[in-house]
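Next come the chains, spelled out residue by residue.
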Amino acid sequence: MRNTRQRRQQIMQMLVEHGSVQVSELVERFGVSAVTIRTDLTHVEAQGLATRTHGGATLMRTPPLEQDIHEKDTLNLPLKDSIGAHAAQQVRPGDNIIIDSGSTTMTLARHLRAHRDVTVMTNGLNIAWELANAPGVELMLTGGLLRKQSLSLQGSQAEASLNTYSFDTLFLGVDGLDLQFGLTTHHEAEASLNHRMVERARRVVVLTDASKFGRVSLHRIARLEQVHTIITDASIDAEYLEGLQRLGIEVIIAETPA
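The structure contained in this document is the topic of the report that follows. Note that the structure is a prediction, hence the values are computed from the model and not measured.

Attention now moves to the overall build of the protein chain. A count of helices and strands for the protein chain gives ten helices and 15 strands. Compactness check: the protein chain gives a C-alpha radius of gyration of 19 Å against a globular reference of 18 Å for 258 residues, within 12% of the reference. Oriented by its inertia axes, the alpha-carbon framework of the protein chain measures out at about 60 × 40 × 30 Å. Across the 258 residues that make up the protein chain, the buried fraction comes to 52%. Counted over contacts in the protein chain with a minimum sequence separation of 6, partners at least 24 positions apart contribute 62%. Surface summary for the protein chain: the accessible area is close to 11900 Å², and the carbon and sulfur share equals 49%. Both charge centroids of the protein chain, one from 25 positive and one from 30 negative side chains, sit 5 Å from each other.

Encoded structure:
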């Protein structure tokens, strides 16, 4: 799986650099069969990033570059804090919730420190650190392999840790949100874990600033039909606001700090 993930990421990098790729050149470069490469290209196409052509694939749209979690922490912090505060209002005493790793979801964790009788499971080390000494929060970690760039735990151990639980709400951060392609993220293992989180929660709340709308990263987490609520900011485009509401998704607008 790791080799597959790395190969697909390299194929996507080649698409971004050159605009197109050929099956024959990829077979030679990676030393795998044409069938394997076609499967890789089908995967990339399914994310809405490329179109299959005779003998290869052509880039449709360029995915945004991934930023280190420490870089993300410094961007739009007052706005993210407002989104996190609105998300914390969705949490009630007795709730069992999952908080996905991320810079926006970390602001939710900060606003939960004063809550009482809440159980939180997270795959984010930064989120665990925020809640480690919160007296009213029972904290669980997924376990798994640490991805240092995002300070997130992931992999088969992390996914297996969710199997015996049922959660009231998942608070999910994303790298991209598109009306057609749904929720996406940069890393395949994170997308796989996020998808499992969606399956284990009765309600899915997405926390994202409006800059993520219209973006499509390489790996899909879930379709928008699986989302119940989105908390974002007032700069959301009218097309997206109307499109989300048509899907029956509650959109909560966090106030933009003065």
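After that view, the rundown keeps rolling.
Between its terminal C-alpha atoms helix H5 (residues 77–88) stretches 16 Å, which fits the 16 Å expected from twelve residues at 1.5 Å a residue. Turning to H5, its buried residues are Leu79, Lys80, Ser82, Ile83, Gly84, His86, Ala87 and Ala88.

Glancing now at the packing of aromatic side chains. Taken as a whole, this structure holds two aromatic pairs when the rule is applied. When the ring of Tyr165 is compared with that of Phe167, the centres are 5.8 Å apart and the planes differ by 35°; the resulting orientation is tilted. Ring geometry for Phe213 and Tyr240: centres 5.5 Å apart, planes at 40°, overall tilted. With Phe213 in the loop between strand E12 (201–207) and strand E13 (219–222) and Tyr240 in helix H10 (residues 238–246), this residue pair connects regions lying 27 residues apart in the sequence. Each member of the pair Phe213 and Tyr240 is classed as buried.

Criteria and thresholds
Residues numbered from 1 in each chain as written. Predicted model: local features only at pLDDT ≥ 70, side-chain atom pairs only at ≥ 80, totals over all residues. Heavy atoms only, no water. Helix = DSSP H or I, 4+ residues; strand = E, 2+ residues; numbered from the N terminus. Rg over C-alpha atoms; globule rule 2.2 N^0.38 Å. Buried < 20%, exposed > 50% of the residue type's maximum accessible area, 1.4 Å probe, protein only. Contact = heavy atoms within 4.5 Å. Areas by Shrake-Rupley, 256 points an atom, 1.4 Å probe, with all protein chains shown as cover. Lys, Arg positive; Asp, Glu negative; His and termini not counted. Charge placed at Lys NZ, Arg CZ, Asp CG, Glu CD. Expected span 1.5 Å × (residues − 1). Phe/Tyr/Trp six-rings, centres within 6.5 Å; stacked < 30°, edge-to-face > 60°.

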